[in-house]
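Spelled out from the first residue to the last, the chains are:
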Number of protein chains: 2
Amino acid sequence: MALIVQKYGGTSVADTERINAVADRVARMRAAGDLMVVVVSAMSGETDRLLKLATEVDDNPLARELDVLLATGEQETAALLSMALHQRNCDARSYMGHQVHILTDNIHGKARIRGIDGDRVRKDLDRGRVVVIAGFQGVDEEGNITTLGRGGSDTTAVAMSAALKADECQIYTDVDGIYTADPRIVPEARRLDRVTVEEMLELASLGAKILQTRSVQFAGKYKVPLRVLSSFEVGPGTLISYEEKKMEEAVISGIAFTRDEAKLTILGVPDQPGVAYKLFDDIAAAAIEVDMIVQNVGADGLTDVTFTVQRADYAKAMNILKKVAEELSAQEVKGDDKIVKISVVGVGMRSHAGIASTMFQALAQEGINIQMISTSEIKISVVVDEKYLELGVRALHTAFGLEKSPESST
Amino acid sequence: MALIVQKYGGTSVADTERINAVADRVARMRAAGDLMVVVVSAMSGETDRLLKLATEVDDNPLARELDVLLATGEQETAALLSMALHQRNCDARSYMGHQVHILTDNIHGKARIRGIDGDRVRKDLDRGRVVVIAGFQGVDEEGNITTLGRGGSDTTAVAMSAALKADECQIYTDVDGIYTADPRIVPEARRLDRVTVEEMLELASLGAKILQTRSVQFAGKYKVPLRVLSSFEVGPGTLISYEEKKMEEAVISGIAFTRDEAKLTILGVPDQPGVAYKLFDDIAAAAIEVDMIVQNVGADGLTDVTFTVQRADYAKAMNILKKVAEELSAQEVKGDDKIVKISVVGVGMRSHAGIASTMFQALAQEGINIQMISTSEIKISVVVDEKYLELGVRALHTAFGLEKSPESST
């Protein structure tokens, strides 16, 4: 008998047919003896319907009231799932954020959880009840309804798992786990049984948007065993673990990528303290997120700085850069909004000196020019022309032998 | 400057266009200096949509969860109206039942309000904010979401008015007031400027279903000045007052009727104690509501009892009556499910002996046979064949001169 927290996203509860399918699984697991807590998102499409109504009455909807409106989506699903469980003779109770005291700060639309009261949930679990919780929502200290922003239901599930010390937090999505690469691009891509939380973080932030970074960080902090599964197929999914990998396991766990990037370069600026500050302070003030930053120091006391932003921010960033270039008497400003980032991700790659050379060789063999390179503890990222995205990802997947499972490769 | 509580029903907030119209009125009144509290129902159609979803997952939806589901309807409207007010530069805040502590018992689906905490609302009013409250919902002592049943938003508005000692509770509907008779049947019917709460109760319970009986009773208990207005037209509506009528005012305020009634008669039962008990105990046990009861005592120690029920309950009531008739050795059982009830309503009619004779004469002149008569402090009701409904209502409206206002008739 285990205490399982499950989370079902919008496509997993898209309509009453899907809700019934979820109820089947939950009731079956409860009957088998597990203690079940289920966190649900709004039925897919419901949030869009509500947003449309909001813009019909307020062209810039008030954040506090938008939270009140959007919170109804999860409330609907929670009530419906609880009814569906009742229909299966499975005792269940739905709770909203305020009822289980999911206390947050008061930043409407992207509130952060400060605490959860697990007592009420535990009492119901002790009585054999399934507890269904509306995800994505909480209350601030004054009792105002707040929402947690994108991926908020994942965060609810992880926070609830931490509060209850659950044996596992299962995130049901429309994919059946974390892959060595996007299967739509690399048909040989293989589902990973296990990834570390750091690998997951890189894979999630680099475009494999299965889990929100925030919820994975949260899970890591409280050591909540997290599993990604498909609500449409039966399978073990991928477990996100907090243990060190064994020596014989593969060094590289997957290839990630990000489309819709752009890069900007400022050339020939004085190589002195304060230059980088001046540049990125203005960019940050415009709420533009910067991803990679590369700086080369030249021989003549001048330096070049290149950085990447999301493609949607390219024009705005370029305007700022031109102004800064003038102030700094820079020689030139250049940019390219047709680039992508490809990364190889794996824990412990630093101890394997050959990873970088294998990566660069594989790309070179396909004639792919590397425009930027950036490295971290567990990944190496390169920026290339966007036309090489699929070719590059496939070449790297093959070069690192990711189509073979670690066991078969030894 | 007055403190006004307004309530808008489903048709008054049917879509965002209607919600914008409500926001126009509320913002205008606030700007003119009134302190405004607005109670809203679910957008019309929303409750049906939710009920359909519920039956798709649970053929007998769990009452607790049905309340959680249905409460989202009012929450949606409250958030949207609050946004629409914001769009008009009118500071507003929406609150759900749990946030303003609308404490109820735990009878899901038809909970009764036990108390309201007006403090939070008062604080917002002091800051010049419009307070928008989701009607129809509350919380029980354990924090479970409850709903108040049919007409619940009216009850929310009245209870809030009582808690805040509002100057007036305005109920916005799709009619512009209380009429001397249904204008669809009597074109000359006249809107009443004022009715007493007792008259309103009779008019409401007798088919002029503008306000729920429960909320009118509630208003009467706390002496909340209640006004019925149209949200589609400008007008003074009808004020429900608690003062004695002035002598010169009309004795009869209106003609009410109820369609879809049925009558049942048990003939020749022993006229002795316990007979009525035996009969109505079984009827009540079957959850059949009995309206009128008339008993005639015969000369031979036998008696006849006739009573009316809603037409939908006729077959069930007849089966029970047949069993009881056998037990009591009654002579015969008869019934008629093609009857209607017509009533003349007016405070103080007892002091005017001529009312009954005027009524019976008017009906006789049209050849309408009276099957049953029942009287109370403020009404006289007759049961007639349903084919005489329109004719009877019009004849009585004319006989009592209701097309003329009291002032012009003196």
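Residues numbered from 1 in each chain as written. Chains lettered and ligands numbered in written order. Predicted model: local features only at pLDDT ≥ 70, side-chain atom pairs only at ≥ 80, totals over all residues.

Q: How should the domain arrangement of chain A be read in this particular structure?
A: In many reports, interface size means the accessible area that the parts give up when they come together. What the domain assignment reports for chain A is domain 1 (3-174) and domain 2 (254-409). If you average the C-alpha positions of domain 1 of chain A and of domain 2 of chain A, the two centres end up 38 Å apart. (Domains from an automatic or database assignment.)

Q: Explain the interface of chain A and chain B here, please?
A: Each partner contributes residues to the interface: chain A has 29 residues there, and chain B has 29 residues. When residues of the side of chain A that touches chain B are traced back to their parent elements, those giving at least two are α1 (16-31), α2 (46-57) and α3 (63-87) of chain A. Examining the composition of the side of chain A that touches chain B, we find that 14 residues originate from one element, α3(A), more than from any other. Grouping the amino acids of the side of chain A that touches chain B by side-chain chemistry returns 13 nonpolar, 11 polar and 5 charged. (Contact = placed C-beta atoms within 7 Å. Helix = DSSP H or I, 4+ residues; strand = E, 2+ residues; numbered from the N terminus. Nonpolar A, V, L, I, M, F, W, Y, C, P; charged D, E, K, R; others polar.)

Q: Quick question: what am I supposed to make of the sheet that holds strand β13 (residues 254-270) of chain B here?
A: The strands making up a sheet associate through backbone hydrogen bonding, with each pair oriented either parallel or antiparallel. Residue and element names in this part refer to chain B. Taking strand neighbours across the sheet as the criterion, the 6 strands line up as β14-β15-β13-β16-β18-β17 in an open arrangement whose pairing is antiparallel. A strand with exactly one partner marks an edge of an open sheet, and here the two such strands are β14 (290-297) and β17 (372-376). On average, each strand axis in the sheet is inclined to that of its neighbour by 30 degrees, with strand direction left out of account. In terms of strand pairing, β14 meets strand β15 (residues 302-310) through 6 bridges, oriented antiparallel. Within the sheet, the bridge partner assigned to valine 294 lies in β15 and is threonine 306. (Pairing = 2+ DSSP bridges. Axes fitted to C-alpha atoms, helices over the stretch in contact; angles between N-to-C directions.)

Q: Even after reading the chapter, I still don't get the relation of the copies chain A and chain B, so can you show me in this structure?
A: For the pair of chain copies, the relating operation is a rotation around an axis with a shift along it. The two copies are related by a screw motion: chain A maps onto chain B through a turn of 179 degrees and a shift of 0.1 Å along the axis, at an RMSD of 0.1 Å. What the superposition gives is, in effect, a two-fold axis relating one chain to the other. The position closest to the rotation axis in chain A is occupied by the C-alpha of A:Thr72, lying 2.7 Å away. (Least-squares fit on C-alpha atoms with pLDDT ≥ 70 in both.)

Q: Hey, could you run me through the pairing of β15(B) in this one?
A: Along a regular strand, successive side chains alternate from one face of the sheet to the other. In terms of strand pairing, β13(B) meets β15(B) through 8 bridges, oriented antiparallel. Each residue of the ladder has a partner; that of B:Pro270, found in β15(B), is B:Leu302.

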